[in-house]
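Below are the chains, spelled out letter by letter.
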Amino acid sequence: MGLTKKIIIALILGVAVGLGFNLFAPGAFVPLDTYVLTPLGQIFLKLITMLVVPLVFFSIVLGTAGMGDTKKLGRIGIKTVGFYLLSTVVALCIAFGVALAIQPGQEGLMGTEEANFEATEPPPVMETLLNIIPTNPIDALATGQMLQIIFFAIFVGFALAHLGEKTSGMYKLMEQGNEIMMFLVTIAMKLAPYGAFGLIASAIGKLGLDALSSMAMYMLCVVLALILHVTVVYSGVVYALGKMNPLHFFKNFAPAMTVAFSTSSSNATLPLSMKTAQEKLGVSKPVSGFVQPLGATINMDGTAIMQAVATVFIAQVFAEPLSVGALVTVVLTATLASIGTAGVPGVGMIMLAMVLQSVGLPVEGIALVLAVDRILDMLRTAVNITGDAACAVFVDQSEGEKDKVETA
């Protein structure tokens, strides 16, 4: 049985076990979750997370060095960042269209007077941009500052490409380090079905049916917008720009999507998504090693969709009208906020607080969507990493065509 089938079966069993205990034996769920489900999920999550920083460093260095010249690096960088920013804007527009058409919020829903959420102050945009340059690369590696790691790795890769034979030994060491990381990912993925079972059973067991049913319309809007973005935008990019059959793309990338769903973390899924893109989708290692780690940090289409729908939902619940200017503000704020946001579970709530503050909506409204955020976090993470892979397919195809023209 393939890994995808095993993970899907584990997810279904996890939902059944979580719901069963929540409905029929809630008292027995707490010890089961404490001693079985949460440890199962956390062991898998920690194994994958352990590999993220060294894998990102090795792959970005090799990806940058493998491009050879600065023109190619600049070209790929512009395509990648441009794609991610544009797709985020499109995702927000789709989400607003769906939310405004369905109107998920009802004034006074769920007792807004009791809603309470403590907002975390987001850093200024300029501070975020300046913080991309690490003052201490070793500290950035130790603390997992992804944008700083990527910046430093690009510099190291550029130096390796420029120095050529002088640093062939170091380049070989980076290649060997990358191979070790990929081998360890293969080992860790053998635990993926068990980890997925533990994570989903724990989440569903805590939420139950009541919280899910009370937020059905909000969830419907988010899920519908996510589906539209994947089937229309990503399929279109893969087919028109990547010259690949979308069915082939989704079928072969499914293992990474299912792991993203169960972990709710773009960073934790990165090792598998890169491995899948390279081995199943035929994306070259230099392109995959540059595009996908960068995407795990700045490409948050799924999270942007949640923010747009949640903004409309909260505005309707608190009876606060949203002007066209407010919608434009949300688009700009959410797009900028996606840059430098960590690809870890729950970070969307901090970004949502920033978005709500930008248009004068009460941050306390976030409490209304917290109950079902774990489930939606799983879905939007799967969308986020799919966008990274679609971009990698597009960039790899365009660079392949460019190389053919230059060779001819």
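Above this text you will find the structure in question.
Small disclaimer: the values here were computed from a predicted structure and weren't measured. (Residues numbered from 1 in each chain as written. Predicted model: local features only at pLDDT ≥ 70, side-chain atom pairs only at ≥ 80, totals over all residues. Heavy atoms only, no water.)

Draft legend 1. How the structure looks around the packing of helix α2 (residues 26-66) against helix α11 (residues 266-279). Interhelical geometry of α2 versus α11 gives an angle of 65 degrees and a closest axis separation of 7 Å. Crossing hand, α2 versus α11: left-handed. Residue-level contacts link L45, I48, T49, V52, L55, V56 and S59 of α2 to N267, A268, T269, L270, P271 and M274 of α11. Split by residue class, the contact of α2 with α11 holds 9 nonpolar, 4 polar and no charged. (Axes fitted to C-alpha atoms, helices over the stretch in contact; angles between N-to-C directions. Helix = DSSP H or I, 4+ residues; strand = E, 2+ residues; numbered from the N terminus. Left-handed = near helix turned anticlockwise from the far one by under 90°. Contact = heavy atoms within 4.5 Å. Nonpolar A, V, L, I, M, F, W, Y, C, P; charged D, E, K, R; others polar.)

Draft legend 2. Geometry of the environment of P293. Within the element layout of this structure, P293 appears in helix α12 (residues 285-298). Judged by its relative accessible area of 1%, P293 is buried. Setting aside chain neighbours within four positions, we find P293 in contact with V56, S59, I60, I150, L270, M274 and S288. (Buried < 20%, exposed > 50% of the residue type's maximum accessible area, 1.4 Å probe, protein only.)

Draft legend 3. Region of the structure containing the pattern of salt bridges. Summed over all chains, the structure comprises 5 salt bridges. For K79, the salt bridge is made with E399, and the minimal N-O distance between the two is 2.7 Å. Of the two residues, K79 is situated in helix α3 (residues 70-102) and E399 in helix α17 (residues 373-407); the sequence distance between them amounts to 320 residues. E399 gets classed as buried once you look at its relative accessible area, which sits at 2%. Two residues, E179 and K285, come together in a salt bridge whose shortest N-O distance is 3.2 Å. Of the two residues, E179 sits in helix α7 (residues 168-189) while K285 sits in helix α12, which places them 106 residues apart along the sequence. Several salt bridges converge on common partners, so that one network encompasses R75, K79 and E399. (Salt bridge = Lys/Arg side-chain N within 4 Å of Asp/Glu carboxyl O.)

Draft legend 4. Representation of α11. Taking 1.5 Å as the rise per residue, α11 with 14 residues should run 20 Å; its terminal C-alpha atoms sit 19 Å apart, in good agreement. Of all the bends found along α11, the most pronounced is centred on L272 and spans about 35 degrees. Counting buried residues along α11, 13 of its 14 residues qualify, which places the element largely inside the surrounding structure. (Expected span 1.5 Å × (residues − 1). Bend = angle between axes of the 7 residues up to and from the residue.)

Draft legend 5. Layout of the packing of aromatic side chains. Applying the stated criterion across every chain, the model contains 8 aromatic pairs. Consider the rings of F57 and F152, whose centres lie 6.0 Å apart with planes at 20 degrees: the pair is stacked. In this pair, F57 is assigned in helix α2 and F152 in helix α6 (residues 146-163), connecting sequence segments 95 residues apart. Members of the aromatic cluster, each reached through a chain of ring pairs, are F57, F58 and F152. (Phe/Tyr/Trp six-rings, centres within 6.5 Å; stacked < 30°, edge-to-face > 60°.)

The analysis is restricted to geometry; functional conclusions fall outside its scope.
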